[in-house]
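Listed below, chain by chain, are the residues.
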Amino acid sequence: MIGLISATAAGAAARDRLAAAWPDRTRVYEGPVGDAVRAAFAQCEQLVCFLATGAVVRLVAPLLAGKASDPGVVCVDEGGRFAVSLLGGHGGGANGLARAVAEVLGAEPVVTTATDAVGLSGLDTLGLPAEGDVAAVSRALLDGEAVALRAEVAWPLPPLPVTDEGRYTIRLTDRLTEPAEREVLLRPPTLVVGVGASKGAPVEEVLALVEGALREAGLSAASLAELATVDAKAGEQGIVEAARRLGVPLVTYGAGELARVEVPNPSDAPLGAVGTPSVAEAAALLGGGELLVPKRKSERADGRPAMATCAVVRRPGRGRLAVVGLGPGARDLLTPRAKAELRRASVLVGLDQYVDQIRDLLRPGTRVLESGLGAEEERARTAVAEARRGRAVALIGSGDAGVYAMASPALAEASDDIDVVGVPGVTAALAAGAILGAPLGHDHVSISLSDLHTPWEVIERRVRAAAEADIVVTFYNPRSRGRDWQLPKALAILAEHREPTTPVGVVRNASRADESSRLTTLAALDPATVDMMTVVTVGNTATREIAGRMVTPRGYRWQEEPQ
Ligand code: SAH
């Protein structure tokens, strides 16, 4: 719960906007601010105070107990311009809260925690349990000291400025081990424990079995990702409660699915009871991975038959491929989600000129694999190969990465052993449309005039179809030094079905420093003024030039329709 406290009318107005945006997560504390802050501090995980930072510092100072338990506190100034992460930046989540509050209120987030300020993730913010001297190793990373990363399992970590050797170490491990001096252990969720139990198996028995199996195999319970069992046991209290106490989800599978998994120790008992020769081993192995602990039975002090079985599997870390569109060029047309993905990736793959566009956003430690024009297939292969090694990869493209760009060759190459995330970008046709006016107000298509990968007959057939169907057309890759006859030919086909006065918009370098645009007509367009930095949008028979802008009506009855 997030406690909201304000003192002035302006503060209360901002507070109400936040409360309206997050109705289920917030609670407004009214009354004298001193009492309100004290009550919220005691009752909430986080506070947003619409008060001066000085006032809040004085009020919370006597209440501070420690980093681990204090709530995160964010202050918003009277003008609603800044959301300041004041207390509990990492542990209390105030840095993230400041960003979220800023997003809702249209304010600027202010975060001063060192690791965030230099754009480096604090080791306690990676979403993985961390053990050891987190503060000292985080500080060493910040100070540029040598910190070695020892990854015993593959995991798509965000970028960290690490070296091969160093006085400090980060170990990515699911083994049961204590952190050494100047060492942090990161616990990736790699372990899956399959569990079977007969009806009424006590939770203590299940829990002791699971914990014993992990301990004896030298594995850390902090790396446990989930318990897995058969659907028929989804409500078995001993299993449900064991998962809850271990703090992991319980995943269940159908008996038919489990029966198809090849296991080393099948038996008749579960086959009769639930319809699969293996529950524990099959449920653990179903998502793939290596069986570290074969089926074992629980032990009972009273010598009665065991009521539970378990098996432990290590799943390979799944790499992550983000296919990110950078937009047409301008920084403020790069979406916040794209920015977040660029900072999430430890490996960035892209054309050198696009990498230059966003290099300043990358976190220290990001490995950049850039290549020149042309090497498309190879870039796609490289990105996928890096993800298959368990890394977090961003493959970038200008505009939208799925439009005449890298997404298709990459996904044609990718198998289902990696996670893929797509981030849409503002494609050139849209960027140009906004500059020209409203040329895409009715049905429209994009056609690439590059016959490098597509035979000209196919392109011509599509241009003809668009011409006959009276669809607005945006030409990508319209003309290069070696390809100069295609654009005139395509325009001639359109001219067979549209007036010579049909508006044509030509936009070069949309949203870039040397942006230029022109509104002309089918008859007047000089193809020599068009190059590969340009898109050309040809209107339909209803498109008009109005006040210097290109406008395609929404329909013949457009003036009567609500817009
Ligand atoms: N993925 C890109 C398109 C790549 S094809 C996108 O979604 O925008 C390359 C062609 O896109 C160029 O030849 C040009 O026609 C067009 N293009 C890309 N960026 C542009 C920009 N900023 N201004 C004008 N045209 C652009």
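Going by the structure above, here's the rest.
Residues numbered from 1 in each chain as written. Predicted model: local features only at pLDDT ≥ 70, side-chain atom pairs only at ≥ 80, totals over all residues. Heavy atoms only, no water.

Draft legend 1. Expanded view of the environment of V104. Take V104: it is sitting in helix α4 (residues 94-105). On a C-alpha basis, the gap between V104 and G11 in space is 14 Å, while along the polypeptide they are 93 residues apart. (Helix = DSSP H or I, 4+ residues; strand = E, 2+ residues; numbered from the N terminus.)

Draft legend 2. Inspection of the site of the ligand at higher detail. Every one of the 20 residues lining the ligand counts as a neighbour, but V403, T427, A510, M532 and T534 are closest to it. Within the backbone of N509, a nitrogen or oxygen atom sits 3.5 Å from a nitrogen atom of the ligand. One of the backbone N or O atoms of M532 is found 2.6 Å from an oxygen atom in the ligand. Protein contacts shield 93% of the accessible area of the ligand, which totals 540 Å² for the unbound molecule. Each residue belonging to the shell around the ligand can be placed in one class, and the counts come to 12 nonpolar, six polar and two charged. Composition of the shell around the ligand by domain shows at least three residues from each of domain 4 (320-426) and domain 5 (429-551). (Near = heavy atom within 4 Å. Polar contact = N/O pair within 3.5 Å; in protein donor to acceptor, adjacent residues only side chain to side chain. Areas by Shrake-Rupley, 256 points an atom, 1.4 Å probe, with all protein chains shown as cover. Nonpolar A, V, L, I, M, F, W, Y, C, P; charged D, E, K, R; others polar. Domains from an automatic or database assignment.)

Draft legend 3. Region of the structure containing unusual backbone geometry. If you check the backbone angles, N477 has positive phi at about 45° while not being a glycine. With respect to the secondary-structure elements, N477 resides in the loop between β23 (472-476) and α18 (486-495).

Draft legend 4. Spatial organisation of the nonpolar core. Within the largest apolar cluster, 24 residues are counted, with the highest numbers of intra-cluster contacts made by V193, V210 and L227. Listed by contribution, the elements that provide at least two residues to this core are β11 (191-197), α7 (203-216), β12 (224-230), α8 (237-246) and β15 (308-314). The leading source of residues in this core is α7, at seven residues. Not counting the four nearest positions on each side in its chain, V210 is found in contact with V193, V195, L227, L246 and C310. (Core = buried A, V, L, I, M, F, W, Y, C linked by side-chain atoms within 4.5 Å. Buried < 20%, exposed > 50% of the residue type's maximum accessible area, 1.4 Å probe, protein only. Contact = heavy atoms within 4.5 Å.)

Draft legend 5. Quick look at the pairing of strand β24 (residues 503-508). By the criterion of burial, β24 is predominantly enclosed, with five of the six residues buried. Pairing geometry for β24 and strand β25 (residues 516-521), over six bridges, is antiparallel. Bridge pairing links V506 to R518 in β25. Bridge analysis of β24 against strand β26 (residues 534-538) gives five bridges, and the strand direction is antiparallel. Paired with G505 across the two strands is T537, which belongs to β26. (Pairing = 2+ DSSP bridges.)

Draft legend 6. A look at α18. Along α18, the positions that sit buried rather than exposed are Q486, L487, A490, L491, I493 and L494. Down the axis, α18 shows its buried residues gathered within 155° of arc, on one side only. Lining the buried residues of α18 we find α17 (456-468), β23 and β26. (Arc of directions from axis to C-beta.)

Draft legend 7. Here's a closer look at the pattern of salt bridges. Tallying each qualifying case throughout the model produces 29 salt bridges. One salt bridge connects D174 with R314, and the closest N-O pair in it is separated by 2.7 Å. Here R314 lies in strand β15 and D174 lies in the loop between β9 (168-172) and β10 (183-186), a separation of 140 residues in the sequence. Each of the two residues, D174 as well as R314, counts as buried. (Salt bridge = Lys/Arg side-chain N within 4 Å of Asp/Glu carboxyl O.)

Draft legend 8. Region of the structure containing the packing of aromatic side chains. Going through the model one piece at a time under the given rule, you end up with two aromatic pairs. With a centroid separation of 5.1 Å and 75° between ring planes, the pair formed by W456 and W485 is classed as edge-to-face. Separated by 29 residues along the polypeptide, W456 in helix α17 and W485 in the loop between β23 and α18 bring together distant segments of the chain. The class of W456 is buried, set by a relative accessible area of 11%. Since its relative accessible area comes to 44%, W485 is described here as partly exposed. (Phe/Tyr/Trp six-rings, centres within 6.5 Å; stacked < 30°, edge-to-face > 60°.)

Draft legend 9. Representation of the pairing of strand β5 (residues 82-87) within the structure. In terms of strand pairing, strand β4 (residues 72-76) meets β5 through four bridges, oriented antiparallel. By the bridge assignment for β5, V74 is matched with S85. The loop that links β4 with its antiparallel partner β5 comprises five residues; one of these, G80, has a positive phi angle of about 65°. Bridging between β5 and strand β6 (residues 108-110) involves three bridges; their strand directions are parallel. Opposite A83, over in β6, you have P109 as the bridge partner.

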